[in-house]
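Remarks on the overall topology
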Amino acid sequence: MKAGFDKRIIFGLVATLIFVGMGILLLSSKNAETADSGKTQTASAANAGNPALTVTVSTPVSSAWNTSLTATGSVAAWQEAIIGSELNGVRLQELLVQVGDQVKRGQLLATFSTDLLGTEQAQQSAALAEAEAIFAEANSNARRAMQLKESGSISDQQINQYATSRNTAAARVSAAKASLQAAALRLQHARVLAPDDGIISARSATVGAVPQNGQELFRLIRQGKLEWQAELSADESMRLNLGQTVNIYYGERQSEMIKGKLRMLAPTLDPHTRKALAYVDLEAPANSKLRPGMFVKGEFFMGESTALSVPASAVLMRDGYASVFVLENANKVKQVRVSTGRIQQGRVEITKGISSSAKVVDSGAGFLGDGDTVKLVNAQTSTSQNAGNGKSGNIKAASGK
């Protein structure tokens, strides 16, 4: 009885395994048919030219662009005057200006001690009075000698002696006057005055010091004027003309700008750098943050010229060359190598490679390959709108995502 029961169990298990195996085989067959069907549909869709990406296109625009030459250089003072001491051995008594102060021509900047200088002037004044008294006596003696000459009571030799004494006394008077003028001038130099309007850029003077004759006390930026010394190559310098307008950019991210005018081109080039300097007068306002010593960028305006341009997003750099994708028949794109020029306001000048009637992909070009099929979103609507606005040839389809 037990043996028969075991046989039935074994028979049931075998039957169950057979049915499970047949089910697995049928399921695998259906999955294979489904995969083959999917591959067939994918191949059919690919052959039908499904778009690889939704893009927008536009035609190159021909317009007048400003031609400019970009250069860099340092800002410097237009002219910097060195104000020095004209006295020797005199104590500096007072300083009246600081670095950054604006001064006027003739304004008092510093004073020296006048005690010693006043004494010297008094001595020279007394020496002059003595010399004038001696001259008066010598002149009187010479005049009386000339009166006695006719009577013969005095010899010619004595007359000459009196005349020589008078002339010597006159010379001493002149020397005393010169010494007095020198003493007065030294006293005048005790007041240090500004030689011109401007801004104090440096101060090396200190109260109580005894500077030597010619020692620097202050530096003055004359009239507060600055200049930009642009560094140019030989070829670039030959393209410039005096009087050209220049825009100077400075500040954080070059967000601030002032105008300038080309005043002079250096007659020689630096033998080490082979660079020429262009001196540009800056129209810096009083509240300008531009300072001497700053290294800034500027643009020389060379005039206007016609440029054929496309959006910067349409130009790709691949393998070291610039290229664009041009829309052809059946919405296929072709990669075209181009030559680029100037860049202004988000557009790139195309100097060679495409015509003005080409339809250039300007959105999504970075994800395309040569020969891809693309889709233009609302292309007809955009074309109609542009035609109504008088902007022929510019297809402004919305970017599809």
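Look above for the structure.
Residues numbered from 1 in each chain as written. Predicted model: local features only at pLDDT ≥ 70, side-chain atom pairs only at ≥ 80, totals over all residues. Heavy atoms only, no water.

Things to note about the overall build of the chain
Scanning the chain for helices and strands turns up five helices and 21 strands. Accessible area for the chain stands at about 24700 Å²; split by element, carbon and sulfur atoms hold 52% of it. (Helix = DSSP H or I, 4+ residues; strand = E, 2+ residues; numbered from the N terminus. Areas by Shrake-Rupley, 256 points an atom, 1.4 Å probe, with all protein chains shown as cover.)

A closer look at the pattern of salt bridges
Close approach of charged atoms allows side chains of opposite charge to pair. Tallied over the full model, the rule gives seven salt bridges. Arg222 is paired through a salt bridge with Asp196; the nearest N and O atoms lie 2.8 Å apart. Of this pair, Arg222 sits in strand S9 (residues 216-222) while Asp196 sits in the loop between strand S7 (191-193) and strand S8 (198-203); the two residues are 26 residues apart in sequence, bridging distant segments of the chain. A relative accessible area of 26% means that Arg222 is categorised as partly exposed. Arg263 is paired through a salt bridge with Glu227; the nearest N and O atoms lie 3.0 Å apart. In this pair, Arg263 is assigned in strand S12 (residues 256-265) and Glu227 in strand S10 (residues 226-232), connecting sequence segments 36 residues apart. Arg263 sits in the partly exposed class, given a relative accessible area of 29%. (Salt bridge = Lys/Arg side-chain N within 4 Å of Asp/Glu carboxyl O. Buried < 20%, exposed > 50% of the residue type's maximum accessible area, 1.4 Å probe, protein only.)

Thoughts on the sheet that holds strand S3 (residues 80-84)
Overall, antiparallel pairing links the four strands, which are arranged S3-S9-S8-S5 in an open sheet. On the outer flanks of this sheet lie S3 and strand S5 (102-103), each paired with one strand and no other. Pairing analysis gives five bridges linking S8 to S9, with the strands arranged antiparallel. Of the residues in S9, the one forming a bridge with Ile199 is Ile221. (Pairing = 2+ DSSP bridges.)

Digging into unusual backbone geometry
For Arg274, which is not glycine, the phi torsion reads 60 degrees and is therefore positive. Following the sequence through the fold, Arg274 ends up in the loop between S12 and strand S13 (276-282).

Things to note about helix H3 (residues 156-188)
Helix length check: H3, at 33 residues, gives a terminal C-alpha distance of 48 Å against a target of 48 Å (1.5 Å per residue), a fit within 8%. Of all the residues in H3, the buried ones are Ile159, Ala169, Val173, Ala176, Leu180 and Ala183. On its buried face, H3 sits against helix H2 (115-149). (Expected span 1.5 Å × (residues − 1). Contact = heavy atoms within 4.5 Å.)

Some words on the nonpolar core
Within the largest apolar cluster, 21 residues are counted, with the highest numbers of intra-cluster contacts made by Trp228, Leu282, Leu290 and Phe300. Those elements that provide at least two residues to this core are strand S2 (61-77), S10, strand S11 (245-250), S12, S13 and strand S14 (295-311). Dropping the residues within four chain positions of it, Leu290 is found in contact with Val75, Leu226, Tyr250, Ile258, Leu282 and Val296. (Core = buried A, V, L, I, M, F, W, Y, C linked by side-chain atoms within 4.5 Å.)

Side note on the environment of Thr373
Counting through the fold element by element, Thr373 comes out in the loop between strand S20 (360-363) and strand S21 (374-376). With a relative accessible area of 12%, Thr373 lands in the buried category. Taking C-alpha positions, Thr373 is 9.2 Å from Leu327, a pair spaced 46 residues apart along the chain. Among the polar contacts made by the side chain of Thr373, one reaches the side chain of Lys332 at a distance of 3.1 Å. (Polar contact = N/O pair within 3.5 Å; in protein donor to acceptor, adjacent residues only side chain to side chain.)

What about the packing of H2 against H3?
At a minimum axis distance of 7 Å, the contact between H2 and H3 shows a crossing angle of 160 degrees. In terms of their interaxial angle, H2 and H3 are classed as roughly antiparallel. Crossing hand, H2 versus H3: left-handed. For the contact of H2 with H3, a count of residues per class yields 21 nonpolar, eight polar and eight charged. (Axes fitted to C-alpha atoms, helices over the stretch in contact; angles between N-to-C directions. Parallel < 35°, antiparallel > 145°, perpendicular 65-115°, else oblique. Left-handed = near helix turned anticlockwise from the far one by under 90°. Nonpolar A, V, L, I, M, F, W, Y, C, P; charged D, E, K, R; others polar.)

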